[in-house]
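Here's the letter readout for the chains.
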Amino acid sequence: MTAPLLAIENVTKVFAGAVTALEGMTLALNDGDFVSLLGPSGCGKSTALRLIAGLSSPTKGRIRWREGAEGALGVVFQEPTLAPWATVFDNVWLPLRLAGVSKSDARDRVEESLSAVGLGGFSGAYPRELSGGMKMRVSIARAMVTKPRLLLMDEPFAALDEITRFKLNDDLLALHERLGCTVVFVTHSVFESVFLSTRIVVMAARPGRVIRELRVSAPTPRDDAFRTSAAYAEQCRLTSAALREAMEDA
Amino acid sequence: MTALDMPDRSAPPAIDLEELARLRRRRLEKLGAWALPVLVVALSLAAWDWVVRVNDIPHFILPRPGRVWSQLLADWPLLSQALMVTLRITVFALALAVSLGGGLAVLFSLSRWVEMSLFPYAVVLQVTPIVAIAPLIFIYVDSPFVGMMICAWIVAFFPILSNTTLGLRSADRNLEDLFTIYGATRWQRLRYLQLPSAMPYFLGGLRIAGGLALIGAVVAEFAGGVAGRNGGLAFRILEASYRLNVPRMFAALALIAVAGIAIFAITSLVSHLALRRWHESALTRER
Ligand SMILES: Nc1ncnc2c1ncn2[C@@H]1O[C@H](COP(=O)(O)OP(=O)(O)O)[C@@H](O)[C@H]1O
Ligand SMILES: [Mg+2]
């Protein structure tokens, strides 16, 4: 068996002021996994993502990438986090631009990434001309333009209305299916995590830690039929129970 | 594709009464935006004229507006030359304030230590009245033109420095993280993130600095400018006051006011053009 894409080994993060944001987290991310981090706010989900992204370093433990795949990641935040002064094209071009790819060399990849999220033809628009859902799509296109092995998403759809969220969930699954990257998806919605994930990591707060891991065995790709199926309802029930247990533990 | 979050691009339906009223109101507001100030100015001039006429005030105390106008035309060769002198000082000082204030702000953003060391001096320069510093400057600087320019620069550069410094630091935190994740160099971070974020702040500073540079240029001339052919508008005002030529004083004053308005209009236009594609301040809002 090959080494996991990324291994989080017994990682603890203590912030100044002795806040233990994360305690003894261990998690192995394999190719093609869709892992949700599910838990109440303050349980260290964002902290875990920032550690994986290399934006902060563990107090204890370590994070190990598979050799040759180091740092190949894309990030989507809760806000679309687009540069308002730049067009959609320039926003998606950014990661390539920072790697020294010229605009003309980047053109094909940027356009491809934009059409993958259903925004072909919007290159010249400015972020303010787009709806919340479309901005989020641009943000996803930007994260995918470097063809990362690992995609980190921190409550990306939490601020969107439910109809838009469902649509983006569907499209994200299709994208995941097609590109085969590994996704770590932070959410506090049981329904969203069950619909999207192959694995759900349930976390509790004070200190932030992993309570248990659930597998969602329903076959992929999933569609609207799955949303209304008995299997989905049952999985949501199990996950809710695990989450309730996590909240009581805290 | 059939995404649900696309805006509706179909043609708008027929307009209802409320919308019609709102349209009419907006059109009226647009008209009022320039018609009202013009009306106010015209009324004030008429009132001024009336007061002078009714009270029979002699023109060497308070001239009628028409008298100021004819004086302006008669003195135009003299006053236009003075205006050019004042404007040249203003523009040079503003250019210097933009380059030095902006440059120093970038330096501050690169090094917190430099900022901590130098910022107090910027504040001292800002809070010390320019009329108090000007005589000293004219002692150490031989050329009066350079001296006046330095005075105007001192007044103008602080808003640019402080605004730009604030702007360079106000980049979105998540975007900053994104730049870190993608391994951006210091230069890339400055070029693609901090400078664009600072743009609205810088332009706000520029609008203030433009007016201040003009004020600085006039004040500096009062404090130690040159007399004669190379004198600016302040010199012409002083000279006219010695000769009790009040109409010319008013004419010169009017020129300074018009120059100030023009500078504000130009910097506002520059700001609008630079930001109109993306910044909230430059958008015409619905509702
Ligand atoms: N930079 C920081 N400094 C100090 N405490 C922090 C910092 N970031 C997060 N925390 C604390 O760590 C805990 C976990 O935060 P976070 O990972 O953001 O939780 P979540 O994303 O699950 O809501 C919280 O108690 C939070 O206040
Ligand atoms: Mg969070």
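Residues numbered from 1 in each chain as written. Chains lettered and ligands numbered in written order. Predicted model: local features only at pLDDT ≥ 70, side-chain atom pairs only at ≥ 80, totals over all residues. Heavy atoms only, no water.

Points about the overall build of chain B
Secondary structure assignment for chain B yields ten helices and zero strands. In chain B, the order of α-helices and β-strands from amino to carboxyl end is α-α-α-α-α-α-α-α-α-α. Its C-alpha atoms give chain B a radius of gyration of 25 Å, more than 25% over the compact-globule value 19 Å for 287 residues. In terms of principal-axis extent, the alpha carbons of chain B reach across some 80 × 60 × 30 Å. Counting over 287 residues, chain B shows a buried share of 38%. Taking as baseline every contact in chain B between residues at least 6 positions apart, the subset at least 24 positions apart corresponds to 71%. (Helix = DSSP H or I, 4+ residues; strand = E, 2+ residues; numbered from the N terminus. Rg over C-alpha atoms; globule rule 2.2 N^0.38 Å. Buried < 20%, exposed > 50% of the residue type's maximum accessible area, 1.4 Å probe, protein only. Contact = heavy atoms within 4.5 Å.)

Observations concerning the environment of A:Asp108
All names here are of chain A. Here Asp 108 shows up in helix 3 (residues 103–116). Among the residues examined, Asp 108 registers a relative accessible area of 61% and is labelled exposed. Sequence-wise, Asp 108 and Leu 5 are 103 residues apart; in three dimensions their C-alpha atoms are separated by 28 Å.

As for a positive patch on the surface
Residue and element names in this part refer to chain B. Residues Arg 24, Arg 26, Arg 27 and Lys 30 make up a contiguous surface patch of positive charge. Mapped onto the fold, Arg 27 is located in helix 1 (residues 17–55). Given the relative accessible area of 58%, Arg 27 is considered exposed. (Patch = residues over 30% accessible without salt bridge, like charges linked within 9 Å, V, L, I, M, F, W, Y side chains within 5 Å. Areas by Shrake-Rupley, 256 points an atom, 1.4 Å probe, with all protein chains shown as cover. Salt bridge = Lys/Arg side-chain N within 4 Å of Asp/Glu carboxyl O. Lys, Arg positive; Asp, Glu negative; His and termini not counted. Charge placed at Lys NZ, Arg CZ, Asp CG, Glu CD.)

Topic: the pattern of salt bridges
Residues and elements named next belong to chain B. One pass over the structure, following the stated rule, counts 26 salt bridges over all chains. Arg 243 is the salt-bridge partner of Glu 239, the closest N and O atoms lying 3.3 Å from each other. When salt bridges with common partners are traced through the structure, they connect Asp 75, Arg 236, Glu 239, Arg 243 and Arg 248 into a single cluster.

Topic: the packing of aromatic side chains
The geometry of two aromatic rings is summed up by the distance between their centres and the angle between their planes. Summed over all chains, the structure comprises eleven aromatic pairs over all chains. With centroids separated by 6.5 Å and ring planes inclined at 85 degrees, the aromatic side chains of A:Phe195 and A:Tyr232 adopt a geometry described as edge-to-face. On the criterion of sequence distance, the pair formed by A:Phe195 in helix 6 (residues 190–196) and A:Tyr232 in helix 8 (residues 230–249) is long-range, its members being 37 residues apart. Overall, the relative accessible area of 1% leaves A:Phe195 in the buried class. Accessibility expressed as a relative area gives 9% for A:Tyr232, which makes it buried. Seen in terms of ring centroids, B:Trp48 and B:Phe250 are 5.4 Å apart; in terms of plane orientation they differ by 45 degrees. Their pairing is tilted. Note that B:Trp48 is positioned in helix 1 and B:Phe250 in helix 10 (residues 246–275), a separation of 202 residues in sequence. (Phe/Tyr/Trp six-rings, centres within 6.5 Å; stacked < 30°, edge-to-face > 60°.)

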